[in-house]
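These are the residues of each chain, in order.
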Amino acid sequence: MKLNTVILAAGKGTRMHSLDENKSKCSFEIFHKPLILYVLDAVNELKPDRNVVVVGRGAEELTKIVYGRALTVEQKHQLGTADALKAGISKLDKEEGTTVVLNGDSPLIRGETLQKAYEFHKENHSKLTIITATLNEKNAYGRIKRLPNGQVEKIIETKDLKDDELNLNEINSGIYFIDNEVLYKEIDLIEPKNAQHEYYLTDIVGLAIKDGYKVCAYTIEDAKEIGGVNDRIDLMKAFEYLKVRINTNHLLNGVTIFDINNTYIGPDVKISSDVEIYPNTWILGQSTILPNNIIGPNSYLENVRIGESNHILSCHIVDTKIGYHNELGPYVRMRGGCIIEDHCRVGNFVELKNVHLHDGVKSAHLTYLGDSELGDNTNVGCGVITANYDGANKFHTIIGKNVFLGSNATLIAPIEVHDDAFVAAGSTITSEVLSNDLAIARARQVNKKGYAKVLRDKAKEKKNS
Ligand code: UD1
Ligand code: MG
């Protein structure tokens, strides 16, 4: 018995009003993660044999996004969800088992809910199970119509609702567990007889019932979990919902979050307990944060690995690995594969790009370091710059241990300053500095006795002439 999934993601996404004709609705992102990947993550908790994604508008981009995680098949013309599923199952063998069908625009469904629904489907020997929920506000979902005995009768799309049907408040999630025998038999019988002249997958329910198959609804508590993203308002609502759900999970696991509404943590971020997060902080991508860190307020972290007991205040840190007991911020930018080891101090308008700071390095004010490595306990004075770019190429700067770089020193890469060297403030360093040497590279000072007054008098004379 096989379990396969088909995710429908070929739609035109007209209601998103995107100017980009090559953009699929399912490649829109929440927390920098495309909607379709949320759905794939959830279905993977069912441990399926195969996942198929049906692509159409924006096929190229979507195919790249799901590469390695699902097979893709193109639906040439967007004739409706039943037609899309037909394209999807063309990638599968007609084998015994169950096909789970989901919409690629519904990212909020949880793997756990899918597992429970699948258990329900099997326990009830159902041939077709639909996930449903009750929603009393105005909405555009398909409605479940039940017989007086409570059995599901059919699904009616909003545009086709008539008379009393307008009061139906049980909605269709677009998620179905379908026995393959039923699927292959009924899918070809669906006709585009509806307000939109589309092949509606929802019609499979009425057809299966007519043929005597057992159809069940698995009704979940929280209608928001099956929310679809059809326009930008839905996208915003899905973002809000995910944000609170993710933050709530972290809170329950022992992370301190002071403001649940103004803290933004991506779905794949791992945070240990005893981390404190202050408001207006974003943590995205594949980030891992170990205990006893204090993060924020006002920080943006993406793809970071953070050891223990750091203090990160008002920082923008991307693609960076940070060790233990560092004081970072306020106003630091780190990017391009930085490594910050332990007990460092970086802050007050310092930018680091592809920099490796060994233990105890201090760079506390107004500095740019790029493509550089700095040894243990080196001190970087205010305004130090590594000039790593000649307009075409990038070059490396290597600074040893216990080096003192005076304020406003400019180091023209490629360059090396060895252990225990001292670079005088204001120097422009163009050649290697050996261990224990002092390098001074600036014009010698000349003081002209009383000449300030001469200059001022000349200036006044010019103004009055
Ligand atoms: C669909 C359901 C509706 C349900 C809702 C749940 C139908 C007819 N209606 O409506 O009952 O309440 O989902 O969110 O199924 N797609 C294709 N090819 C097509 C058309 C659509 O692949 O030709 C894909 C879309 O990319 C999307 C999914 O199918 O991911 C659903 O299509 P959409 O147009 O969003 O249907 P809804 O109006 O949301
Ligand atoms: Mg939809």
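Residues numbered from 1 in each chain as written. Chains lettered and ligands numbered in written order. Predicted model: local features only at pLDDT ≥ 70, side-chain atom pairs only at ≥ 80, totals over all residues. Heavy atoms only, no water.

Draft legend 1. Spatial organisation of the site of ligand 1. Of all residues adjacent to ligand 1, which total 25 residues, the nearest are Ala10, Gln75, Thr81, Glu157 and Asn172. A distance of 2.8 Å separates an oxygen atom of ligand 1 from a polar backbone atom of leucine 8. Between aspartate 105 and ligand 1, the recorded distance is 2.9 Å, taken from a side-chain N or O atom to an oxygen atom. Within the complex, the protein chains bury 90% of what would otherwise be the 760 Å² of accessible surface of ligand 1. Contributions of two or more residues to the shell around ligand 1 are made by strand E1 (2-9), helix H3 (81-89) and strand E10 (170-179). (Near = heavy atom within 4 Å. Polar contact = N/O pair within 3.5 Å; in protein donor to acceptor, adjacent residues only side chain to side chain. Areas by Shrake-Rupley, 256 points an atom, 1.4 Å probe, with all protein chains shown as cover. Helix = DSSP H or I, 4+ residues; strand = E, 2+ residues; numbered from the N terminus.)

Draft legend 2. A look at the side chain of lysine 353. Mapped onto the fold, lysine 353 is located in strand E26 (residues 350-357). Overall, the relative accessible area of 12% leaves lysine 353 in the buried class. Not counting the four nearest positions on each side in its chain, lysine 353 is found in contact with Arg335, Cys338, Tyr368, Leu369, Gly370, Asp371, Asn388 and Lys394. (Buried < 20%, exposed > 50% of the residue type's maximum accessible area, 1.4 Å probe, protein only. Contact = heavy atoms within 4.5 Å.)

Draft legend 3. Just the pairing of strand E16 (residues 281-284), in detail. Two strands pair when backbone bridges link them, and strand E13 (residues 263-265) and E16 are joined in this way by three bridges, in the parallel orientation. Its bridge partner being in E16, isoleucine 265 is matched across the sheet by isoleucine 283. Of the pairings in the sheet, the one linking E16 to strand E19 (residues 299-306) comprises four bridges and is parallel in character. When the sheet's bridge partners are listed, tryptophan 282 is paired in E19 with tyrosine 300. (Pairing = 2+ DSSP bridges.)

Draft legend 4. Geometry of the environment of serine 287. With respect to the secondary-structure elements, serine 287 resides in the loop between E16 and strand E17 (288-289). On the basis of relative accessible area, serine 287 is assigned to the buried category, the value being 1%. If near-sequence neighbours (up to four positions away) are discounted, serine 287 is found in contact with Asp268, Val269, Lys270, Glu302, Asn303 and Val304. Here the side chain of serine 287 touches leucine 284 through a polar contact of 2.6 Å, landing on its backbone oxygen.

Draft legend 5. Region of the structure containing the packing of helix H1 (residues 35-44) against helix H2 (residues 59-66). Relative to each other, H1 and H2 sit at 40 degrees, their axes nearing to 10 Å. On the basis of the axis angle, H1 is oblique to H2. Considering only the axes of H1 and H2, their crossing is right-handed. Residues Ile36, Leu37 and Leu40 of H1 pack against Leu62, Ile65 and Val66 of H2. (Axes fitted to C-alpha atoms, helices over the stretch in contact; angles between N-to-C directions. Parallel < 35°, antiparallel > 145°, perpendicular 65-115°, else oblique. Left-handed = near helix turned anticlockwise from the far one by under 90°.)

Draft legend 6. View of a nonpolar patch on the surface. Nonpolar side chains collect at one region of the surface, where Phe404, Phe422, Leu438 and Ile440 lie side by side and expose about 380 Å² of accessible area between them. Mapped onto the fold, isoleucine 440 is located in the loop between strand E37 (438-439) and helix H8 (451-464). (Patch = residues over 30% accessible without salt bridge, like charges linked within 9 Å, V, L, I, M, F, W, Y side chains within 5 Å. Salt bridge = Lys/Arg side-chain N within 4 Å of Asp/Glu carboxyl O.)

Draft legend 7. Examining the packing of aromatic side chains more closely. Under the defined criterion, the tally for this structure stands at 10 aromatic pairs. Here the aromatic residues Phe31, Phe239, Tyr264 and Trp282 are joined through ring pairs into a cluster of three or more. For the cation-ring pair, lysine 394 lies above tyrosine 389, with the distance from its terminal atom to the ring centre recorded as 5.1 Å. (Phe/Tyr/Trp six-rings, centres within 6.5 Å; stacked < 30°, edge-to-face > 60°. Lys NZ or Arg CZ within 6 Å of the ring centre and 35° of its normal.)

Draft legend 8. Fine view of the pattern of salt bridges. Applying the stated criterion across every chain yields a total of 20 salt bridges. The closest approach of N and O atoms between aspartate 268 and lysine 33, which form a salt bridge, is 3.0 Å. Residue aspartate 268 is located in the loop between E13 and strand E14 (270-271), and its partner lysine 33 is located in strand E3 (residues 33-34); the two are separated by 235 residues in the primary sequence. Overall, aspartate 268 belongs to the partly exposed group, its relative accessible area being 24%. Among the ionic pairs, lysine 193 bridges to glutamate 191, the shortest N-O distance being 3.4 Å. Salt bridges linked by common partners bring Lys33, Asp41, Arg69 and Asp268 together as one network.

Draft legend 9. Fine view of the layout of surface pockets. Size it by volume and the second largest pocket reaches roughly 650 Å³. What lines the second largest pocket is a set of 22 residues, among which Glu45, Arg245, Ile246, Asn249 and Pro267 lie closest to the centre. Those elements that provide at least two residues to the lining of the second largest pocket are H1, helix H4 (111-123), helix H7 (232-252) and E14. Broken down by element, the residue count for the lining of the second largest pocket peaks at six residues, all from H7. The residue inventory of the lining of the second largest pocket, partitioned by class, reads nine nonpolar, five polar and eight charged. Residue contributions to the lining of the second largest pocket reach at least three from each of two domains, namely domain 1 (2-226) and domain 2 (253-439). (1 Å grid on protein atoms, 1.4 Å probe; cavity = no way out; pocket = protein on both sides within 12 Å on 5 of 7 lines; lining within 4 Å. Points joined across faces, edges and corners; volume = space filled by probe spheres on them. Nonpolar A, V, L, I, M, F, W, Y, C, P; charged D, E, K, R; others polar. Domains from an automatic or database assignment.)

Draft legend 10. Spotlight on the state of the cysteines. Here the structure, examined in full by the defined rule, presents zero disulfides. Cysteine 382 forms no disulfide, and the closest cysteine sulfur to it belongs to cysteine 315, at a distance of 17 Å. (Disulfide = S-S within 2.5 Å.)

Draft legend 11. Quick peek at the domain arrangement of the chain. Here the domain parsing of the chain yields domain 1 (2-226) and domain 2 (253-439). Distance between the C-alpha centres of domain 1 and domain 2: 47 Å. Buried area between domain 1 and domain 2, both sides added, is near 470 Å², and the carbon and sulfur share of it is 66%. Looking only at domain 1, the three residues that lose the most surface to domain 2 are Phe31, His32 and Lys33, adding up to 90% of its buried area. At the boundary of domain 1 and domain 2, one finds one salt bridge. For the pair domain 1 and domain 2, the interface holds two residue pairs in polar contact (both at pLDDT 80 or more). When its residues are assigned to classes, the side of domain 1 that touches domain 2 shows two nonpolar, one polar and two charged. (Buried area = accessible area lost by both parts, 1.4 Å probe.)

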